[in-house]
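Examining the three-dimensional arrangement
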Amino acid sequence: MTDERERKNAIIFLCRLHEVKMWIQDVFQEENVVLEKGLIEGIKDGVLLCRLVNLIHAGLVKKIHAASSPGFLLLENLQFFLNACDKLEIDKHQEFFQPIDLYEEKHIPRVINTLLLLERCARARGFSKLIQPINAEEFTDFTDAELNQTLALLSVHNASSLSAIFAEPSEADKKKLEDEKMELQRLKDEEMEQLRLKEEEIKRKEDQSRKEIEELARLNREKEIKLEEEERRLRDQAEAIRQADEARKMEDRLREESRLKAEMAERERIEMEERNLREKVERLKREEEELKERMKRLAEQEEQMRLAREEEERLRQLRLLKEEQDRLFREEQDRIK
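Our subject in this report is the structure included herewith. This structure is a prediction, so every number in the text was calculated from the model and none was measured. (Residues numbered from 1 in each chain as written. Predicted model: local features only at pLDDT ≥ 70, side-chain atom pairs only at ≥ 80, totals over all residues. Heavy atoms only, no water.)

A few points about the overall build of the protein
Note the cut-off: Secondary structure elements follow DSSP: runs of H or I of four or more residues count as helices, runs of E of two or more count as strands, with numbering from the N terminus. The buried label applies to any residue whose accessible area, calculated with a 1.4 Å probe on protein chains only, is under 20% of its type's maximum; exposed applies above 50%, and partly exposed to all values in between. Throughout, a residue-residue contact means that at least one pair of heavy atoms, one from each residue, lies within 4.5 Å.
Secondary structure assignment for the protein yields nine helices and zero strands. Order of helices (α) and strands (β) in the protein, N terminus to C terminus: α-α-α-α-α-α-α-α-α. Among the 337 residues that make up the protein, the fraction classed as buried is 23%. Considering only intrachain contacts with a sequence separation of at least 6, the fraction spanning at least 24 residues in the protein is 66%.

Digging into unusual backbone geometry
Unusually for a residue other than glycine, Glu-105 sits at a positive phi of about 55°. Checked against the element boundaries, Glu-105 lands in the loop between helix 5 (99-103) and helix 6 (108-124). Among the residues examined, Glu-105 registers a relative accessible area of 36% and is labelled partly exposed.

With respect to the packing of helix 3 (residues 47-56) against helix 4 (residues 71-87)
Put simply, the rule reads: Helix axes use the C-alpha atoms of the stretch in contact, all axes being lines fitted to C-alpha atoms, and the angles between their N-to-C directions lie in the range 0 to 180 degrees. If an angle is under 35 degrees, it is roughly parallel; if it is over 145, roughly antiparallel; if it lies from 65 to 115, roughly perpendicular; otherwise it is oblique. Handedness of a helix crossing follows the sense of rotation of the near helix relative to the far helix, less than a right angle counterclockwise being left-handed and clockwise being right-handed. For this scheme, ten residues count as nonpolar: Ala, Val, Leu, Ile, Met, Phe, Trp, Tyr, Cys and Pro. Four count as charged, namely Asp, Glu, Lys and Arg, and the remainder, Gly too, count as polar.
It is at 8 Å that the axes of helix 3 and helix 4 come closest, and there the two elements cross at 25°. Comparing the axis directions of helix 3 and helix 4 gives the class roughly parallel. The hand of the helix 3/helix 4 crossing is left-handed. Residue-level contacts link Val-47, Leu-49, Cys-50 and Val-53 of helix 3 to Asn-77, Leu-78, Phe-80, Phe-81 and Ala-84 of helix 4. Partitioned by chemical class, the residues of the contact of helix 3 with helix 4 number eight nonpolar, one polar and no charged.

As for a negative patch on the surface
Using the following cut-off: A patch is a set of surface residues, each over 30% in relative accessible area and not in a salt bridge, joined within 9 Å for like charges and within 5 Å for the nonpolar side chains Val, Leu, Ile, Met, Phe, Trp and Tyr. Surface accessibility in these figures is a Shrake-Rupley result with a 1.4 Å probe; residues are shielded only by whichever protein chains are displayed. Salt bridges are counted wherever a side-chain nitrogen of Lys or Arg sits within 4 Å of a carboxyl oxygen of Asp or Glu. Within this scheme the basic residues Lys and Arg register as positive and the acidic residues Asp and Glu register as negative, but His and the chain ends are omitted. One atom stands in for each charge, and that atom is NZ of Lys, CZ of Arg, CG of Asp or CD of Glu.
A cluster of acidic side chains, namely Glu-287, Glu-289, Glu-290, Glu-293 and Glu-300, defines a negative patch on the protein surface. Topologically, Glu-290 is positioned in helix 9 (residues 171-336). Classification of Glu-290 by relative accessible area gives partly exposed; the value is 48%.

A short note on the nonpolar core
Applied cut-off: What makes a nonpolar core is a set of buried Ala, Val, Leu, Ile, Met, Phe, Trp, Tyr and Cys residues whose side-chain atoms join them at distances within 4.5 Å.
The biggest cluster of nonpolar side chains holds 47 residues, and the ones touching the most others in it are Ile-24, Phe-81 and Leu-118. Residue assignment for this core shows that the elements contributing at least two residues are helix 1 (2-27), helix 2 (39-43), helix 3, helix 4, helix 6 and helix 7 (144-154). Dropping the residues within four chain positions of it, Ile-24 is found in contact with Leu-35, Leu-39, Ile-43 and Leu-48.

Some points on helix 6
Note the threshold: Expected helix span is given by 1.5 Å per residue-to-residue step, counting one fewer step than there are residues.
If you check helix 6, its first and last C-alpha atoms are 25 Å apart, about what 17 residues at 1.5 Å a residue would give, namely 24 Å. Of all 17 residues in helix 6, 14 are buried; the element is thus mostly enclosed. In the segment just after helix 6, Gly-126 is the residue with positive phi, at about 85°.

Looking at the environment of Glu-146
Considering the arrangement of structural elements, one finds Glu-146 in helix 7. Judged by relative accessible area, which is 37%, Glu-146 ranks as partly exposed. With 136 residues separating them in the primary sequence, Glu-146 and Ala-10 have C-alpha atoms 9.3 Å apart.

Quick look at the environment of Lys-44
Note the following rule: Polar contact is the term for a pair of N or O atoms within 3.5 Å; when the atoms are in protein, one must be able to donate a hydrogen and the other to accept it, and sequence-neighboring residues count only if both atoms are side-chain atoms.
Take Lys-44: it is sitting in the loop between helix 2 and helix 3. For the pair Lys-44 and Ile-100, spaced 56 residues apart in sequence, the C-alpha separation works out to 9.5 Å. A distance of 3.5 Å separates a polar side-chain atom of Lys-44 from the backbone oxygen of Tyr-103.

Some details on the packing of aromatic side chains
Each aromatic ring pair is summarised here by two numbers: the centre-to-centre distance and the angle between the ring planes. The test is simple: Pairing of aromatic rings covers Phe, Tyr and the six-membered ring of Trp, with a centre-to-centre limit of 6.5 Å; geometry is then stacked below 30 degrees between planes, edge-to-face above 60, and tilted otherwise.
Taken as a whole and judged by the stated rule, the model has one aromatic pair. With a centroid separation of 6.1 Å and 20° between ring planes, the pair formed by Phe-81 and Phe-97 is classed as stacked. Remark: Phe-97 occurs in the loop between helix 4 and helix 5 and Phe-81 occurs in helix 4; sequence separation between them is 16 residues. With respect to burial, Phe-81 and Phe-97 carry one shared label: buried.

Quick notes on the pattern of salt bridges
By the definition in use, this model includes 35 salt bridges. Residue Arg-327 is joined to Glu-331 by a salt bridge in which the shortest nitrogen-to-oxygen separation is 2.5 Å. Of this pair, Arg-327 and Glu-331 both sit in helix 9, separated by four residues, roughly a single helical turn. You can call Glu-331 partly exposed: its relative accessible area is 40%. When salt bridges that share partners are traced, they join Asp-245, Arg-248, Lys-249, Glu-251, Asp-252 and Arg-255 into one network.

Comments concerning the side chain of Thr-114
Tracing the chain through its elements places Thr-114 in helix 6. Residue Thr-114 is classed as buried on the basis of its relative accessible area, which comes to 0%. Of note is the side chain of Thr-114, whose polar atom sits 2.8 Å from the backbone oxygen of Arg-110.

Some thoughts on the state of the cysteines
Heads up, the rule is: Only a pair of cysteine sulfur atoms within 2.5 Å qualifies as a disulfide here.
Under the criterion given, the structure shown has zero disulfides. Cysteine Cys-50 remains unbridged, with the sulfur of Cys-85 as its closest cysteine sulfur at 9.3 Å. The thiol of Cys-121 is not disulfide-bonded; the next cysteine sulfur, from Cys-85, is found 8.1 Å away.

Thoughts on the packing of helix 3 against helix 6
Viewed as axis vectors pointing N to C, helix 3 and helix 6 meet at an angle of 20°, and their least axial separation amounts to 10 Å. Taken together, the axes of helix 3 and helix 6 are roughly parallel relative to one another. For the crossing formed where helix 3 meets helix 6, the hand is left-handed. Side by side, helix 3 and helix 6 meet where Leu-49, Leu-52, Val-53 and Ile-56 of the first sit next to Leu-115, Leu-118 and Ala-122 of the second. For the contact of helix 3 with helix 6, the residue count by class is seven nonpolar, no polar and no charged.

Everything listed here is a matter of coordinates, which is why it stays silent on function.
What follows is the structure, encoded as structure tokens:
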């Protein structure tokens with residue numbers, strides 16, 4: 001009997017563990033938070049827990065250390081969470097976990113018990129995201145190894161200190177849960193009826209849309225034919241423009257080549273004229289030098305001729321003087337005689 005009771009408690013604990021995991025994933029659904037490695041591995045750094053209490057009551061945790069922080073800072077995250085739970089005035093008679101319990105995964109039942117108490121507090125405060133209960137008698141999402149491990153975990157805990165896990169719901173809670181189920185069923189039926197009406201409306205609109213689509217398809221085919229004709233005309237026009245453009249470019253290229261050839265010929269002519277002019281200037285310079293040399297020689301010859309004439313004139317004067325002397329000498333001799 002005791003073994004059966006312990007097995008039942010273990011299954012209940014596994015149900016609560018699964019409920020808490022699904023609750024936290026639901027709270028952070030918009031951020032796509034999935035606890036793939038399990039609930040404990042996902043919350044042991046304290047980040048999600050601190051954010052959770054801040055969602056229940058804004059500003060309870062002022063600072064949250066990142067998940068990559070050293071271990072002592074992650075323990076501080078867990079302590080921040082527990083301090084926030086104290087501020088929320090969760091049942092003081094219940095046993096809360098200690099930071100080291102979760103960080104080193106020592107007393108997991110205490111962790112689950114604390115989170116269930118937190119959810120009750122959130123429910124009382126009107127928090128929108130709540131735990132969806134699972135019937136322990138129908139819960140089979142566990143292995144024998146998980147069950148045995150859970151039995152070992154619970155063996156060191158007093159079930160009375162974990163009332164949030166093992167407490168049986170009151171009649172009022174059962175009735176409230178049943179009312180909620182009936183309300184959910186009613187809403188589900190209304191939703192199904194609305195879905196049926198929507199499906200009929202969608203089918204009617206689909207028929208209308210199909211006819212419109214067929215008409216649009218016909219119009220599109222006609223438009224495509226016109227577009228093809230227009231594209232063909234535009235291609236022909238573009239080809240004609242391209243050919244004309246190529247012809248113009250060829251004409252421009254030939255004109256440019258002719259201009260370049262003319263410029264080259266003119267440049268060669270100018271260079272030839274410049275070369276001839278330089279040669280002519282050189283020749284004139286040489287002729288000028290030769291002329292200067294000839295004039296210099298002529299000047300020297302004229303100077304020599306002048307000196308010769310002067311010498312000849314001097315000799316003539318001397319000859320005349322001698323003749324005069326001879327005449328006077330003869331006259332003197334004639335007179336003497």
